[in-house]
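# Structural features, examined
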Amino acid sequence: MEMKAIKVNKALDEAIPMQEPIKVHEAMRYSLLAGGKCVRPILCMAACEVVGGDESLAIPAACAVEMIHTMSLIHDNLPCMDNDDLRHGKPTNHKVFGENTAVLAGDALLSLAFEHVATKTRNVTPQRVVQAIGELGLTVGSGGLVEGQIVDLASEGKQVSLTELEYIHHHKTGKLLEAAVVCEAIMGGGNEEDVEKLRSYARCTGLLFQVVDDILDVTKSSDELGKTAGKDLMTDKATYPKLMGLEKARQFAGE
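Residues numbered from 1 in each chain as written. Predicted model: local features only at pLDDT ≥ 70, side-chain atom pairs only at ≥ 80, totals over all residues. Heavy atoms only, no water.

Threshold: UniProt positions are given in the numbering used here, feature names are shortened, and annotations may be inferred rather than shown by experiment.
Labelled according to an unreviewed UniProt entry, the chain appears under the name Geranylgeranyl pyrophosphate synthase, originating from Anisodus tanguticus. According to the UniProt record, the Pathway (unreviewed entry) comment for the chain reads "Isoprenoid biosynthesis." The UniProt entry for the chain carries the following comment under Sequence similarities (unreviewed entry): "Belongs to the FPP/GGPP synthase family."

Printed below as a string of structure tokens:
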């Protein structure tokens, strides 16, 4: 995982050189190269390899997924959304560059993600590239990240069911993990059965990821997390510990 993260970070660094307009590119690089775990890009590369593809095929889409993820964090941290001041142990983008630049940096990263897949992918058939781009588009739109975020915001301070909570997390968190895996199963040459098996795996991983994140929010400090601890409790968000209790949430994560 460490070796794959090094490769991804090198590719991300090269994808966004410092150029005019300096401020927006500086803001894009600030969050994109903030030292995250690169979980989604690593899943991209692993999915490509598991269907028989070479990891080099996966790098452009892996970068694109991380660009989209970074955009979602920049926008999610804004005062009009989750209003957070800390991410990866550093001040959030809008705290450093201002809200207007943060919004534009997120927009630019989202646009660049699709451009990067379309123009940098090599040795993959156009049909598979288009199919992967379609998956990414579905992930980030009103049936994916946006849907999860709007329902999440509407649920603050309300009692929701476990089914509704899973729906929020599947769209807000799970969809991008799913896209990371599915896009690269497509790029790597996987058949329809391969793709759907990996989609199922990724959905489970995405849900696990969010349950554990909910648990860590109430059990770890801000220094340990690199973001504001206890934020879910402060904003009265629907979480697994809140609905199930901490111990049952841990059991659910194990399952």
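There's more to say after this.
### Regarding the overall build of the chain
Which entries qualify depends on this criterion: Strands here are runs of E lasting at least two residues and helices are runs of H or I lasting at least four, both read from the DSSP assignment and numbered beginning at the N terminus. Here the globule rule is a power law, 2.2 Å times the number of residues to the power 0.38, and the radius of gyration is based on C-alpha atoms. Partly exposed describes any residue whose relative accessible area lies between the buried limit of under 20% and the exposed limit of over 50%, with all areas from a 1.4 Å probe on protein chains only and scaled to the type maximum. Here, residues are in contact when the closest pair of their heavy atoms is within 4.5 Å.
Counting its regular elements, the chain contains 14 helices and two strands. A compact globule built from 255 residues would reach a C-alpha radius of gyration of about 18 Å, and the chain, at 18 Å, matches this within 12%. With respect to the three principal axes, the spread of C-alpha positions in the chain is 50 × 45 × 35 Å. Expressed as a percentage of its 255 residues, the buried residues of the chain come to 51%. A separation threshold of at least 6 residues defines the contact pool for the chain, and within that pool the share at least 24 residues apart is 70%.

### What about the packing of aromatic side chains?
Our working rule: Between the rings of Phe, Tyr and Trp (Trp by its six-membered ring), a pair exists once the centres lie within 6.5 Å; its type follows the angle of the planes, with under 30 degrees stacked, over 60 edge-to-face, and the other angles tilted. A ring has a charge above it when a Lys NZ or an Arg CZ is no more than 6 Å from the ring centre and no more than 35 degrees off the ring normal.
Applying the stated criterion across every chain yields a total of two aromatic pairs. Seen in terms of ring centroids, tyrosine 240 and phenylalanine 252 are 5.5 Å apart; in terms of plane orientation they differ by 25°. Their pairing is stacked. In this pair, tyrosine 240 sits in helix H13 (residues 240-244) while phenylalanine 252 sits in helix H14 (residues 246-254), placing the two residues twelve residues apart along the sequence. Cation over ring: arginine 40 sits above phenylalanine 209, and NZ or CZ is 5.0 Å from the ring centre. A cation over an aromatic ring shows up here: lysine 90 above the ring of tyrosine 30, its NZ or CZ 4.2 Å from the ring centre.

### Observations regarding the side chain of arginine 199
As for its position among the elements, arginine 199 is in helix H10 (residues 192-219). Excluding anything up to four places from it in sequence, arginine 199 contacts Glu135, Glu178 and Val182.

### Considerations on helix H7 (residues 126-140)
Our working rule: Every helix has an expected span of 1.5 Å times one less than the residues it contains. By construction, the arc corresponds to the directions joining the helix axis to the C-beta atoms.
Between its first and last C-alpha atoms H7 spans 21 Å; for 15 residues at 1.5 Å apiece the expected length is 21 Å, and the two agree. Among all positions of H7, only Val129, Ala132, Glu135, Leu136, Thr139 and Val140 are buried. End-on view of H7: buried residues confined to an arc of 125°, all on one side of the axis. Turned more than 90 degrees away from the buried face of H7 sit Pro126, Gln127, Val130 and Leu138, all of them exposed. If you follow the buried residues of H7, they end up packed against helix H4 (55-76), helix H6 (99-120), helix H8 (145-155), helix H9 (162-187) and H10.

### Some thoughts on the pattern of salt bridges
Let me state the cut-off plainly: Any Lys or Arg side-chain nitrogen found within 4 Å of a carboxyl oxygen on Asp or Glu counts as a salt bridge.
Scanning all chains against the criterion turns up 15 salt bridges. Across the pair aspartate 76 and lysine 172 runs a salt bridge, and its minimum N-O distance is 3.7 Å. Of this pair, aspartate 76 sits in helix H4 while lysine 172 is found in helix H9, placing the two residues 96 residues apart along the sequence. The salt bridge partner of lysine 95 is aspartate 85, with a shortest N-O separation of 3.8 Å. Here aspartate 85 lies in the loop between H4 and strand E1 (86-87) and lysine 95 lies in helix H5 (residues 93-97), a separation of ten residues in the sequence. Residue classification places aspartate 85 among the partly exposed positions, given a relative accessible area of 39%. Within this structure, Glu135, Glu178, Glu196, Arg199 and Arg203 form a network of salt bridges that share partners.

### A look at the side chain of aspartate 76
Using a relative accessible area of 12% as the deciding quantity, one classes aspartate 76 as buried. In this structure, aspartate 76 is in contact with Met81, Asp82, Asn83, Arg87, Gln149 and Lys172, ignoring residues within four places of it in sequence.

### Concerning the nonpolar core
One recurring pattern in soluble globular proteins is that nonpolar side chains are buried together. To keep things clear, this is the line we draw: By nonpolar core we mean a set of buried residues, namely Ala, Val, Leu, Ile, Met, Phe, Trp, Tyr and Cys, connected to one another through side-chain atoms within 4.5 Å.
In this structure, Ile16, Met67, Ile68, Leu109, Val117, Leu136 and Met187 are the most contacted members of the largest nonpolar core, which totals 47 residues. The leading source of residues in this core is H4, at twelve residues. If near-sequence neighbours (up to four positions away) are discounted, isoleucine 68 is found in contact with Leu110, Ala113, Leu136, Val140, Leu145 and Leu176.

### Some words on the packing of helix H1 (residues 2-15) against helix H3 (residues 39-50)
Rule in force here: Lines fitted to C-alpha atoms define the axes here, with helix axes fitted over just the stretch in contact, and angles between the N-to-C directions of these axes take values from 0 to 180 degrees. Orientation is classified from the angle alone, with under 35 degrees giving roughly parallel, over 145 giving roughly antiparallel, 65 to 115 giving roughly perpendicular, and any other angle giving oblique. Left-handed describes a crossing whose near helix is turned anticlockwise from the far helix by less than a right angle; the clockwise case is right-handed.
For the pair H1 and H3, interaxial distance at closest approach is 9 Å and the crossing angle is 110°. Taken together, the axes of H1 and H3 are roughly perpendicular relative to one another. You can see that H1 and H3 cross each other, and the crossing is right-handed. When H1 is examined against H3, the residues Lys4, Ala5, Lys7 and Val8 are found in contact with a partner set consisting of Pro41, Ile42, Met45, Ala46 and Glu49.

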